[in-house]
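# Survey of secondary and tertiary structure
Each chain, letter by letter, is given below.
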Amino acid sequence: MTAVEQHPRHRLDELLQNPVRFSIVAALDRASTLSFKEVRDAVEVTDSALSKQVSLLEGAGYLAVGKSFAGKMPRTSLTLTKQGRTAWNAHLVTLREIAGLQ
């Protein structure tokens with residue numbers, strides 16, 4: 001491994017480097033499970049932008065998407081998975097290391 005490859009930035013999770021995905025996971029880390037609408041409003045993105053990013057996070061195993069109905073109204077919930085929480089925590093540790101806080 002060269003000196004360049006030893007820099008902590010190489011351990012950052014590429015999926016979490018996107019600001020919207022970072023914000024989604026940050027919101028879910030604090031609340032564990034939120035509705036699609038709650039995440040959309042917290043992250044301040046459109047439904048379609050959130051849907052695209054949620055699909056990527058779900059595909060990576062970082063989020064679980066739940067579907068249910070309240071009467072006739074569909075409800076979508078987003079939950080951070082154990083794998084997602086592990087990736088999130090590792091990403092934060094690496095950011096702190098880069099910032100010189102550890």
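This is a predicted model, so every value here is computed, not measured.

A separate point is the environment of V25. In this fold, V25 is placed in helix α2 (residues 19-31). With 60 residues separating them in the primary sequence, V25 and R85 have C-alpha atoms 8.2 Å apart. Other than its neighbours up to four places away in sequence, V25 contacts L16, L57, L80 and W88.

In a structure, side chains of opposite charge can pair up when their charged atoms sit close to one another. Throughout the structure, instances matching the rule amount to four salt bridges. The partner of E97 in a salt bridge is R11, with the nearest N and O atoms 2.3 Å apart. Of this pair, E97 sits in helix α5 (residues 82-99) while R11 is found in the loop between α1 (3-6) and α2, placing the two residues 86 residues apart along the sequence. Between D47 and R40 there is a salt bridge, and its shortest N-O distance comes to 3.0 Å. A cluster of three or more residues bridged by salt bridges with shared partners is formed by R40, D41 and D47.

Procedures and definitions
- Residues numbered from 1 in each chain as written.
- Predicted model: local features only at pLDDT ≥ 70, side-chain atom pairs only at ≥ 80, totals over all residues.
- Heavy atoms only, no water.
- Helix = DSSP H or I, 4+ residues; strand = E, 2+ residues; numbered from the N terminus.
- Contact = heavy atoms within 4.5 Å.
- Salt bridge = Lys/Arg side-chain N within 4 Å of Asp/Glu carboxyl O.

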